[in-house]
Amino acid sequence: MIFLDYEIIFYHSGKTAEIEKAINQRLGNTGMNMSHSAAAVSPTELADMLSESLERSEAVIIVGGLDGGRQSTENVLSAV
């Protein structure tokens, strides 16, 4: 069984409690453990949270922000 800590960052996402519960249920069955979750509301905050999360955890899941706009997750991450 894998023992791995992960974090979740919600960015422009709705239904965060439901999504967090679903992720934890599915990954918990594999031995993965959520160590932290947070919500970012701006591109700068997303970049900062991602950097901090990668220092603490072995995996980071980003939920939301895939609208293709200027502040979308893929555009923020490609700029980082």
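Residues numbered from 1 in each chain as written. Predicted model: local features only at pLDDT ≥ 70, side-chain atom pairs only at ≥ 80, totals over all residues. Heavy atoms only, no water.

### Some details on the overall build of the protein chain
Thinking step 1. A tally of regular secondary structure across the protein chain gives three helices and three strands.
Thinking step 2. Counting from the amino terminus, helix and strand elements in the protein chain follow one another as β-α-β-α-β-α.
Thinking step 3. For 80 residues, the compact-globule estimate of 2.2 N^0.38 gives 12 Å, and the C-alpha radius of gyration of the protein chain, at 13 Å, lies within 12% of that figure.
Thinking step 4. In terms of its C-alpha atoms, the protein chain occupies a principal-axis envelope of roughly 40 × 25 × 15 Å.
Thinking step 5. Residue pairs at least 24 apart in sequence account for 70% of intrachain contacts in the protein chain once pairs closer than 6 positions are excluded.
Thinking step 6. For the protein chain, the exposed area adds up to about 5,000 Å²; of that, 53% sits on carbon and sulfur atoms.
Thinking step 7. Side chains of the protein chain give 5 positive and 11 negative charges; the mean places of these two sets differ by 10 Å. (Helix = DSSP H or I, 4+ residues; strand = E, 2+ residues; numbered from the N terminus. Rg over C-alpha atoms; globule rule 2.2 N^0.38 Å. Contact = heavy atoms within 4.5 Å. Areas by Shrake-Rupley, 256 points an atom, 1.4 Å probe, with all protein chains shown as cover. Lys, Arg positive; Asp, Glu negative; His and termini not counted. Charge placed at Lys NZ, Arg CZ, Asp CG, Glu CD.)

### So, the nonpolar core
In a soluble, globular protein the nonpolar side chains are often hidden away together inside.
Thinking step 1. Judged by nonpolar contacts, Ile 9, Tyr 11, Ala 40, Leu 46, Met 49, Leu 50 and Val 76 together constitute the single largest core of seven residues.
Thinking step 2. Secondary structure elements with two or more residues in this core: strand 1 (4–11) and helix 2 (43–56).
Thinking step 3. Per element, the largest residue contribution to this core is three residues, and it comes from helix 2.
Thinking step 4. Not counting chain neighbours up to four residues away, the residues in contact with Ile 9 comprise Ala 38, Ala 40, Leu 46, Met 49, Leu 50, Ser 53, Val 60, Ile 61, Ile 62 and Val 63. (Core = buried A, V, L, I, M, F, W, Y, C linked by side-chain atoms within 4.5 Å. Buried < 20%, exposed > 50% of the residue type's maximum accessible area, 1.4 Å probe, protein only.)

### A few points about the side chain of Ser 72
Thinking step 1. Here Ser 72 lies in the loop between strand 3 (59–63) and helix 3 (73–79).
Thinking step 2. Given the relative accessible area of 1%, Ser 72 is considered buried.
Thinking step 3. With near-sequence residues (within four places) excluded, Ser 72 lies in contact with Tyr 11, Gly 65 and Asp 67.

### Remarks on the pattern of salt bridges
Thinking step 1. Across all of its chains, the model carries one salt bridge by this definition.
Thinking step 2. The partner of Arg 56 in a salt bridge is Glu 7, and the shortest N-O contact between them spans 2.8 Å. Of this pair, Arg 56 sits in helix 2 while Glu 7 sits in strand 1, and the two are 49 residues apart along the sequence.
Thinking step 3. We classify Arg 56 as partly exposed; its relative accessible area is 49%.
Thinking step 4. Among the residues examined, Glu 7 registers a relative accessible area of 1% and is labelled buried. (Salt bridge = Lys/Arg side-chain N within 4 Å of Asp/Glu carboxyl O.)

### Some points on the pairing of strand 1
Thinking step 1. For strand 1, the buried fraction is high: six of the eight residues fall into the buried class.
Thinking step 2. Where strand 1 meets strand 2 (residues 32–40), eight bridges bridge the pair, whose relative direction is parallel. By the bridge assignment for strand 2, Glu 7 is matched with His 36. (Pairing = 2+ DSSP bridges.)

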